Amino acid sequence: MWSRLEMLARPAELRCLICFCSAYVPKEAFNVLHAPCIFKVQPAALSALADLKLPKDVHISPDGSRVVYALETFSTKEKRAVSSLWIAEVGVDHSARRITSGLFKDEKPKWSPDGQYIAFLSNRGHDCSVIYLLGIGGFGEAYPLTDEHAGRNVKEFEWRPDGKFIAFVSPDGDTDVEETEGDEPIVFGGDEKTNNQRLRAFDVRRRALQTISPPDLNVDFFSWSPGPHAFEIAYSASDSSASQFDKSRINIASVATSHGSSETFIMTKTPITALVWTQPDRLHFIASPPPPYTRPSVYEARIKSKQYGSYFGWAGEALSLHKARNSVVVRVQNLSHESAHVLGVEGTSWPFDSFFDSEYEITSLDAFREPNSDDFTLALVRSSPQVANEVWSVSFKDGKQQAFVKLSSHNSAFEGFRSKRISATGPDGWECDGWLFTPKPVTITRRLPPTVVLVQSHPILPSFSMGPHLDVAYLTGAGYAVLCPNVRPTSSGGGIGERYADVLAILKKAVSKGLIDESHVTISGWGEGGFLSSLAVVRNEFSFRAVVCGGGVVDWDFVVANSDPSWPAPDILSLSRKDSGVYIERTEDEMETEKEQTPLLILHGREDDVTPVSGSLAFWRQKQKWNGTVQMVLYPREKHAIRDRKHLIDLWTRVLGFYERYLS
C-alpha cells in the first residue's frame, strides 16, 4: 500500500523521505521524524510546489493593448525575495514575455501616460525600494529616477496624467521599522523625530523633488486630479499624534508652487483603505462605515461642496478601486464570489449591479475603459482548483462579457484538484457552507481518502493557492481530501463557540452525505484558524485523530494589543477566559484523559509580528502538563507566514509525516 506521501511522487526515482529531509531538517529533529521508513517521496514534487509562480501588480497600458505585471515565487531561496517584470498582449493566448532579469525585487510596475515607459519599484543597488524607469521598445537599461535620501523605501507611486510628474510616499528616515536590520535601536513614539510616510512629487524631466505633506501626517493613499493639466493631488493621512482608530483625513494639495500647499478636504472616523480622483469634482474612497455596519464600503466625495456619502448597493466587502478613464471600477468580495462594479458612468443608477463575477479568488486586478464607449477590459490574476495562478484578460462589448483569455503559462505543470461545495445549517440556524477538495482519481485502498479540515480565518473562494502555505495543493497532492469551512464573520455577532459550531456543522454534513470517513479526520489551521482548530484539543463534539495548530492564537487580548493599528483585530475573547463562550471547566483527570487522545503539532514563525509566539509556547507547555502527544516547531527568522524555501519544505514534510503517523 502506498502512503499519502507517495501520492506526491512519480513512479521513477523514488527516494526515502528521511534521506530527502536530511537536507532541511535539523539533526536533533531526526528522533521525531525517523519512524519506521514506510513512505517515500520525490523531492522534485515539493520543490516544484515551493517554486510556484505568483503573478501580481497587473497594470493595463494607456491604450488597453498590453498588460505589465510582476512575477515572484511562492517561497524565497535567498535572504530577500526576488521578482521579475513581464508584459503580455491583451486578448492573446500565452503572450507573456519577461522584460527584467529576476535578479532583484522588481514590482508594482505602472505604464507612463504615453505608454513609452514603465516605472517600477526595485531594490537593485539598494537595500530598499527605489523608483526605476524602463523604456519600452528599445534596448536601454532601467535606471533609477531618484536615489536621494527622500526617494528611498518607496511604498506606492502614481504618474501624473501628463506624465511630467510622479507622486510617491516615502519616510523621512533612511529606513522604516519593517526594513530595519542590524544592531540599531528601533524607537516608537516619544519626543524624537517622527518617521512618517511623506507625500512627494518628482519632476521627471527636471529631476527635482518636492515634498507635499507636512511631517506630522502619515500618508496612506493618494491620487492626482484628472485632466492633462493636473496640478492638485488628494491624499489620505492620519495624525501621528492621535490614535489611527479614531479618524483619518483627505487633504488636497497643490503642486503648482515650489513649496506646495494643502488643506483638509474631509475627515472620516475610520481608516481609509483606497482613494482615486475620477472627475474634476468627484473622488472615491474606501472606508469602514460607522456601526452597525462593519464591512468596508465605497464613498463618493464632491470637491466643491466638501460632502461625501457611501454606496450600499452591494452586500460584499469593497477591496480596491481602479481608475478607468473618468470612472472607477470597484472590486468587491462576497461570501460566494468576487465581483466588479463600475461607478461614474452615465446612465447607471443605484444599486450599481456588477458587470463581472468570478467564483474563484482574484489576487490582482486592473481595468481599462475604451475612449469612446462604455466597453471595458479587465486584466486579472486568478486561479481555480484546476488551474494554478495565471494572468487573464476579459473584455466586455455592448455590456456582454467575452471569453476569458489566458495570457501567461507560468504554472502549466500543475494539474490541480477537484472541488465540491457543501452547505449546512448551524445549531443556531446560521446558514454556512464550505468546500471539499479531493485528489484527482488515483488508485488507493480506501474508499474515501483521509480528510484534513483546514480552518481559514476568513471566508474563502476556491483557488489553487488556498491556505497560507499552499495547504490544499500539497495535501491533495499527497492523497488527502481537504474540507475548508467558511465560518461566519465576526461582524455577524457570533462568538468563537458559534464559529467552531459552523466548522462542525459543515463537517458532519459532509460525513452524512458519505463524502468523508469520520474515523479518519484531522483538523488544522493558521492564525485565527489555528485558534479554532486548537479547540479540538479541549472539546468533545467530534473525535479528531490529530490537530495541527500553526501561528495560532491563544490569547486574543494580547493579539489585539499587538495588531496593526490600521487594521484592529476583532474583539474575540480568549480560550482561557470563562466568559469566552468556549471555556469548559473540567477536572484535571477529565482533561488529562481527553488530551491524550488528540496528538498536537504546533508550528510558529519565531519572529511572528501578527500572532505572538509566546502564546504557542504557553499552549505547548500546558499541553505537556496534560501528558498528551505534542510537538512544537519554531522557524527562525520567519514571521506569520513561512516563506523560506527550506523552512517551507520542512513544514510540509513534518505535517505530512504527522498525518501519516496518526491517520494510517
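For the structure itself, look to the data block above.
How each quantity is defined
Position numbers for residues start from 1 in each chain and track the written sequence from start to end. In keeping with the predicted nature of the model, local features appear solely for residues at pLDDT of at least 70, side-chain atom pairs appear and are counted solely at 80 or more, and the whole-chain, interface and lining totals rest on all residues. Only hydrogens and water are removed before side-chain values are computed, so all heavy atoms of the structure are retained for them. Helix numbering and strand numbering both begin at the N terminus, where a helix is a DSSP run of H or I of at least 4 residues and a strand a DSSP run of E of at least 2. Each residue is assigned to one of three classes by its accessible area relative to the maximum for its type, calculated with a 1.4 Å probe on protein chains only: buried under 20%, partly exposed between the two thresholds, exposed over 50%. Two strands are said to pair when DSSP picks up at least two bridges between them. Helix axes are fitted only over the stretch in contact, all axes being lines through C-alpha atoms; the angle between N-to-C directions runs from 0 to 180 degrees. Residue types Ala, Val, Leu, Ile, Met, Phe, Trp, Tyr and Cys, when buried and joined through side-chain atoms within 4.5 Å, form a set referred to as a nonpolar core. Whether two residues touch is decided by their heavy atoms; if any such pair falls within 4.5 Å, the residues are in contact. Here a polar contact is recorded for every N or O atom pair within 3.5 Å, except that within protein the pair must consist of a potential hydrogen donor and a potential acceptor, and residues adjacent in sequence are included only if both atoms are side-chain atoms. Note on aromatic contacts: the rings of Phe and Tyr and the six-membered ring of Trp form a pair at centre separations within 6.5 Å, being stacked when their planes are under 30 degrees apart, edge-to-face when over 60 apart, and tilted otherwise. A ring has a charge above it when a Lys NZ or an Arg CZ is no more than 6 Å from the ring centre and no more than 35 degrees off the ring normal.

Caption draft 1: Molecular detail of the overall build of the protein. When its secondary structure is counted, the protein shows 10 helices and 39 strands. Counting every position in the protein, which comprises 664 residues, the buried fraction comes to 54%.

Caption draft 2: Representation of the sheet that holds strand β11 (residues 157–159). The strand order β11-β12-β13-β14 describes an open sheet built from 4 strands, whose pairing is antiparallel. Two strands bound the open sheet, and with one partner strand each, they are β11 and β14 (208–211). The average angle at which neighbouring strand axes cross in this sheet is 25°, direction not considered. Relative to β14, strand β13 (residues 197–203) is paired through 4 bridges, and the arrangement is antiparallel. For Phe-202, the partnering residue across the bridge sits in β14 and is Leu-209.

Caption draft 3: Highlighting the nonpolar core. Core analysis: the largest hydrophobic core is formed by 42 residues, its most contacted members being Leu-603, Leu-651, Trp-652 and Tyr-659. For this core, the secondary-structure elements that each account for two or more residues are α3 (43–50), β33 (431–438), β34 (451–455), α4 (471–477), β35 (481–486), β38 (600–605), β39 (630–635) and α10 (645–663). With residues up to four places along the chain from it excluded, the contact list for Tyr-659 reads Val-452, Leu-475, Tyr-480, Thr-522, Ile-523, Ser-524, Val-548 and Ser-664. In this structure, Cys-432, Val-455, Ala-505 and Val-538 belong to the second largest nonpolar core, which totals 38 residues.

Caption draft 4: Just the side chain of Ser-327, in detail. Along the chain, Ser-327 falls in strand β24 (residues 327–333). In this structure the side chain of Ser-327 is engaged in a polar contact, spanning 3.4 Å, whose partner is the side chain of Arg-369. In this structure Ser-327 touches Thr-278, His-322, Val-342, Leu-343, Gly-344, Val-345, Arg-369 and Phe-376, once residues within four positions along its chain are discounted.

Caption draft 5: Expanded view of the packing of aromatic side chains. Using the criterion set out here, one finds 19 aromatic pairs in the structure. When the centroid spacing of 5.1 Å and the interplanar angle of 65° are considered together, the rings of Phe-658 and Tyr-662 count as edge-to-face. Of this pair, Phe-658 and Tyr-662 are both found in helix α10, 4 residues apart, which corresponds to roughly one turn of the helix. An aromatic cluster of three or more residues is present, and its members are Phe-355, Phe-356, Phe-376, Trp-392, Phe-396 and Phe-404. If you follow Arg-124 out to its NZ or CZ, it ends over the ring of Tyr-132, 5.4 Å from the centre. Positioned above the aromatic ring of Trp-392, the side-chain terminus of Arg-382 is 5.3 Å from the ring centre.

Caption draft 6: Representation of unusual backbone geometry within the structure. For Asp-57, which is not a glycine, the phi torsion comes out positive at approximately 55°. Structurally, Asp-57 can be placed in strand β3 (residues 53–60). Overall, Asp-57 belongs to the partly exposed group, its relative accessible area being 22%. With phi around 50°, Lys-108 is a residue other than glycine that occupies positive phi space. Structurally, the position occupied by Lys-108 is in strand β7 (residues 107–111).

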